[in-house]
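Chain residues, written in single-letter form:
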Amino acid sequence: QFFVGGSVFTLSYPQDLDNGYFAPSDFLLYNGTVGWENAIATNLNCRLAASLGRQRYQAETTTATIYEARCQTQLSPQFNADFGYSYNNVQSQEDADDANNHKVEGQLRFSF
């Protein structure tokens, strides 16, 4: 039910072509994750996780945090739904000035 993990991610490109892809000359992210996942009701499985680490982007080092809450339910033998929320402050090209990213996601799956 409980889990721990860790990751290291780095990117280093000779030049950032500014073509829409995240291609920094200096990017490093390392973090540790703790979480819990379990069935909390019939046909309802949920996961809570938090990650804490550091990131280096353009010679500036800051704290990197990620929070996630996600649930999956089986509505019928052929129909599933996922829904969740996540927050992170990990840098990317789209949010170079403000890296506070909130995301609400949902997915419906039908098997046939």
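First things first, this report covers the structure right here in the doc. Quick caveat: nothing in here was measured; it's all calculated off a predicted structure.

### Re the overall build of the chain
Then, number 1: When its secondary structure is counted, the chain shows zero helices and six strands.
Then, number 2: Its helices and strands in sequence order give the chain the pattern β-β-β-β-β-β, from N to C terminus.
Then, number 3: Considering the chain as a whole, with its 112 residues, one finds that 29% of them fall into the buried category.
Then, number 4: Contacts spanning at least 24 positions in sequence make up 41% of the contacts within the chain whose residues lie at least 6 apart.
Then, number 5: Accessible surface, the chain: about 7700 Å² in total, of which carbon and sulfur atoms supply 55%.

### Quick look at the environment of Gly35
Then, number 1: Residue placement: Gly35 occurs in strand S2 (residues 27–41).
Then, number 2: The exposure class assigned to Gly35 is buried, which follows from its relative accessible area of 10%.
Then, number 3: When the C-alpha positions of Gly35 and Arg47 are compared, they lie 7.2 Å apart, and in sequence the two are twelve residues distant.
Then, number 4: Those residues in contact with Gly35, other than ones at most four positions away along the chain, are Gln1, Phe2, Phe3, Leu48 and Ala49.

### Re the layout of surface pockets
Empty pockets left among the atoms are what a rolling probe the size of a water molecule brings to light.
Then, number 1: Here the largest pocket is characterised by a volume of approximately 170 Å³.
Then, number 2: Taken together, 14 residues make up the lining of the largest pocket; nearest its centre are Ile66, Glu68, Tyr85, Ser86 and Glu105.
Then, number 3: Residues that form the lining of the largest pocket fall into these classes: four nonpolar, five polar and five charged.

Basis of the calculations
Residues numbered from 1 in each chain as written. Predicted model: local features only at pLDDT ≥ 70, side-chain atom pairs only at ≥ 80, totals over all residues. Heavy atoms only, no water. Helix = DSSP H or I, 4+ residues; strand = E, 2+ residues; numbered from the N terminus. Buried < 20%, exposed > 50% of the residue type's maximum accessible area, 1.4 Å probe, protein only. Contact = heavy atoms within 4.5 Å. Areas by Shrake-Rupley, 256 points an atom, 1.4 Å probe, with all protein chains shown as cover. 1 Å grid on protein atoms, 1.4 Å probe; cavity = no way out; pocket = protein on both sides within 12 Å on 5 of 7 lines; lining within 4 Å. Points joined across faces, edges and corners; volume = space filled by probe spheres on them. Nonpolar A, V, L, I, M, F, W, Y, C, P; charged D, E, K, R; others polar.

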